[in-house]
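Examination of the molecular architecture
Here is what each chain is made of, one letter per residue.
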Amino acid sequence: MITLRQLTYFDALAHTLHFGRAAERVHVSQPALSTQIAELEIRLGCRLVERTRGAIVLTESGQRLLPSFRRVLAEIRSIEEQVQQQAGILTGRMRIGMIPTLAPYLLPALAPELARRFPALDFGVREAITETLVTQLRSGDLDVVIAALPIRQPGITHRLLFEDRFVMAVASNDRDVLDSPLNRHKIALDRMLLLEEGHCLRDQALSICEGHSESALVNFGATSLTTLLQMVAHGMGRTLLPEIAVAAENTGSGGIQFVPFSPPAPSRQIAVFFRSASQRQRDYEAFAEVAAKIGRDILSAGRRSMGLPA
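Predicted, not measured: the structure shown is a model, and the values here were computed from it. (Residues numbered from 1 in each chain as written. Predicted model: local features only at pLDDT ≥ 70, side-chain atom pairs only at ≥ 80, totals over all residues. Heavy atoms only, no water.)

Our focus in this paragraph is the pattern of salt bridges. Applying the stated rule across the entire model yields 13 salt bridges. Here Asp141 and Arg25 are joined by a salt bridge, their closest N and O atoms 2.2 Å apart. Within this pair, whereas Asp141 is found in the loop between helix 6 (130-139) and strand 5 (144-148), its partner Arg25 is found in helix 2 (residues 19-26), the two being separated by 116 residues in sequence. Assigned by exposure class, Asp141 and Arg25 land together as buried. Between Arg275 and Asp143 there is a salt bridge, with its nearest N and O atoms 3.8 Å apart. Taken together, the residues span a long stretch of sequence, with Arg275 in strand 11 (residues 267-275) and Asp143 in the loop between helix 6 and strand 5 at a distance of 132 residues. Residue Arg275 shares its accessibility class with Asp143, and that shared class is buried. (Salt bridge = Lys/Arg side-chain N within 4 Å of Asp/Glu carboxyl O. Helix = DSSP H or I, 4+ residues; strand = E, 2+ residues; numbered from the N terminus. Buried < 20%, exposed > 50% of the residue type's maximum accessible area, 1.4 Å probe, protein only.)

Right under this line is the structure:
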């Protein structure tokens, strides 16, 4: 008999085309995943993957059967979602994805609040860049994703959570005095530090810097805001920081000062994304309500730390 476990494992292998990464994706050992794939091939009487030293390739049969397998898995998820909805709001399992420029600041407050208000909710969080999160949301590996607009993908809808404005982070002993508040059209962009390719915050920063010479930008390629801020504190440049990070980073002892922009300040729109066909719409609306309040509270704390009205 073909099992759901076998279909799930094959779906993971089709996504990753790598036995090790597929095993990590479904939280089993690589030998266990390989065994289940082999048993599925025996049951079907055909090869689904070609195993070579350097790569995994789906056979013609594997490519032909994969859409049917995924329809079965989608139906099973739909049944599970219907049962969870009957059990009440935010019960059972929820897999949350969050971009790296949000997770360190939003999650420490969001996680305990979810646990307090919804004790029957079993949630896990995965941090990754937007492209990866969207792929996993569409495949059903994630239930919701918190990221910045826009994300335009068929079958995915969203609820706006909050507006996250940007500030300029500079070293406390920076020799160049920046007028506060900054005019976004007259800011000096020399020694501007950016995140590496793939981070949506890099693209947002580049859009703010549009019209300025790219030679002023420093393609340091940091993978986190924490790394960028360490570089700023040591006088190696300046960077744009989302306000959601200010409350955590504005400790007064980090060698950094935060300079706000004059209205209308550049900003990003943070939203929660989910599959429009999901049966758990009430869950996602409740989740969005909690995440929005937590986010707004963190933003207010950050503005107060800069001496601004919340």
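It is worth spelling out the layout of surface pockets at this point. By volume, the largest pocket amounts to about 630 Å³. Thr8, Arg93, Arg95, Gly140 and Asp141 are, among the 27 residues lining the largest pocket, the residues nearest its centre. Residue assignment for the lining of the largest pocket shows that the elements contributing at least two residues are helix 1 (4-16), helix 2, helix 4 (60-87), strand 3 (92-98) and strand 4 (121-127). With seven residues, helix 1 is the largest single contributor of residues to the lining of the largest pocket. Class assignment of the residues belonging to the lining of the largest pocket gives a composition of eleven nonpolar, six polar and ten charged. (1 Å grid on protein atoms, 1.4 Å probe; cavity = no way out; pocket = protein on both sides within 12 Å on 5 of 7 lines; lining within 4 Å. Points joined across faces, edges and corners; volume = space filled by probe spheres on them. Nonpolar A, V, L, I, M, F, W, Y, C, P; charged D, E, K, R; others polar.)

Judged by nonpolar contacts, the single largest core of 58 residues is most densely connected at Leu110, Ile146, Leu161, Leu241 and Phe287. Ranked by residues supplied to this core, first place goes to helix 10 (residues 281-305) with ten residues. When near neighbours in sequence (up to four residues on either side) are disregarded, Phe287 contacts Leu90, Met94, Ile96, Leu110, Leu114, Val144, Ile146 and Val272. Tyr9, Leu66, Phe69 and Leu73 belong to the second largest nonpolar core, which has 20 residues in total. (Core = buried A, V, L, I, M, F, W, Y, C linked by side-chain atoms within 4.5 Å. Contact = heavy atoms within 4.5 Å.)

When two helices pack together, their arrangement is captured by the angle between the axes and the distance separating the axes. In contact at an axis separation of 8 Å, helix 2 and helix 3 (residues 30-44) are set at 100° when each is read in the N-to-C sense. Comparing the axis directions of helix 2 and helix 3 gives the class roughly perpendicular. The segment helix 2 lies against helix 3, with Phe19, Gly20, Ala22, Ala23 and Val26 engaging Gln30, Leu33, Ser34 and Ile37. Of the residues contributing to the contact of helix 2 with helix 3, the split by class is six nonpolar, three polar and no charged. (Axes fitted to C-alpha atoms, helices over the stretch in contact; angles between N-to-C directions. Parallel < 35°, antiparallel > 145°, perpendicular 65-115°, else oblique.)

With 15 residues, helix 5 (residues 103-117) ought to run about 21 Å at 1.5 Å a step, and its terminal C-alpha atoms sit 20 Å apart, in line with that. When the local axis directions of helix 5 are compared, the greatest deviation, roughly 25°, occurs at Leu110, which is followed within four positions by the proline Pro112. Among the residues making up helix 5, those that are buried are Ala103, Tyr105, Leu106, Leu110, Glu113 and Leu114. The inward-facing, buried residues of helix 5 abut strand 3, strand 4, strand 5, helix 8 (225-233), helix 9 (246-249) and helix 10. (Expected span 1.5 Å × (residues − 1). Bend = angle between axes of the 7 residues up to and from the residue.)

Let us now look at the pairing of strand 5. Within strand 5, five of the five residues are buried, which leaves the element mostly enclosed by the surrounding structure. Sheet topology places strand 3 next to strand 5; three bridges connect them, and they run parallel. Among the inter-strand pairings, Met98 is bridged to a residue of strand 5, identified as Ile146. For strand 5 and strand 11, the ladder comprises five bridges, and the chain directions are antiparallel. Note that in strand 11 the partner of Val145 across the bridge is Phe273. (Pairing = 2+ DSSP bridges.)

Attention shifts here to the side chain of Glu243. Tracing the chain through its elements places Glu243 in the loop between strand 9 (239-242) and helix 9. Judged by relative accessible area, Glu243 falls into the buried class, the value being 2%. Setting aside anything within four residues of it in sequence, one finds Glu243 in contact with Asp164, Arg165, Val167, Leu299, Arg303 and Met306.

Okay, the packing of aromatic side chains next. Taken as a whole, this structure holds two aromatic pairs when the rule is applied. With a centroid separation of 5.6 Å and an interplanar angle of 85°, the aromatic rings of Phe10 and Phe69 are classed as edge-to-face. Taken as a pair, Phe10 in helix 1 and Phe69 in helix 4 lie far apart in primary sequence, 59 residues in all. Note on Phe10: relative accessible area 0%, which makes it buried. For the ring pair Phe274 and Tyr284, a centre distance of 4.9 Å and an interplane angle of 35° mean the geometry is tilted. (Phe/Tyr/Trp six-rings, centres within 6.5 Å; stacked < 30°, edge-to-face > 60°.)

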